[in-house]
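In case you want the letters, here they are:
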Amino acid sequence: MAGSGPHGRTERRSSGELESEVLAALWSTERPLTPAEIQLEIGGGLAYNTVHTILKRLYDKGLVLREVDGRRGAYRPAKNAAELTAQAMHDALDRGPDPIAALRQFVTGLSPEEEHALRELLVRGPV
């Protein structure tokens, strides 16, 4: 959400932050939401047009699906949060010159709980 800067001015959220907030609002429910419903969910004084622009960007990226009901459109996420995070991890590994080195580096930064979960997944496979 927008906050006040050092001189009392409102700080603007980046489009990435706004996209994350819109996706979080969509993930928080089982049904598609209209731009107006998302605007209410996010709060923070966002204009309807801003929410609609963010939804269009997410739609163009394939991150949300649009369902049309008459003249109104409602949106739902194309993937859940875990699927989207996993895709981002795969994309990052694909971009680097040495994915094994990147995995080694990634694993060294895991918490003990995350490391335990990863070991369980490698031994037992996904549930």
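Residues numbered from 1 in each chain as written. Predicted model: local features only at pLDDT ≥ 70, side-chain atom pairs only at ≥ 80, totals over all residues. Heavy atoms only, no water.

What about the overall build of the chain?
Helix and strand content of the chain: 6 helices and 2 strands. Written out in order from the N terminus, the α and β elements of the chain read α-α-α-β-β-α-α-α. Compactness check: the chain gives a C-alpha radius of gyration of 19 Å against a globular reference of 14 Å for 127 residues, more than 25% above the reference. By its C-alpha atoms, the chain is 50 × 45 × 30 Å across when sized along the principal axes. Long-range pairs, those at least 24 residues apart, make up 41% of the contacts in the chain with a sequence separation of at least 6. A total of about 9,400 Å² of accessible surface is found on the chain, and carbon and sulfur atoms cover 54% of it. Where the 16 positive side-chain charges of the chain centre and where its 18 negative ones centre are 7 Å apart. (Helix = DSSP H or I, 4+ residues; strand = E, 2+ residues; numbered from the N terminus. Rg over C-alpha atoms; globule rule 2.2 N^0.38 Å. Contact = heavy atoms within 4.5 Å. Areas by Shrake-Rupley, 256 points an atom, 1.4 Å probe, with all protein chains shown as cover. Lys, Arg positive; Asp, Glu negative; His and termini not counted. Charge placed at Lys NZ, Arg CZ, Asp CG, Glu CD.)

It is worth stressing that arrangement in space is one thing and function is another; only the former is reported here.
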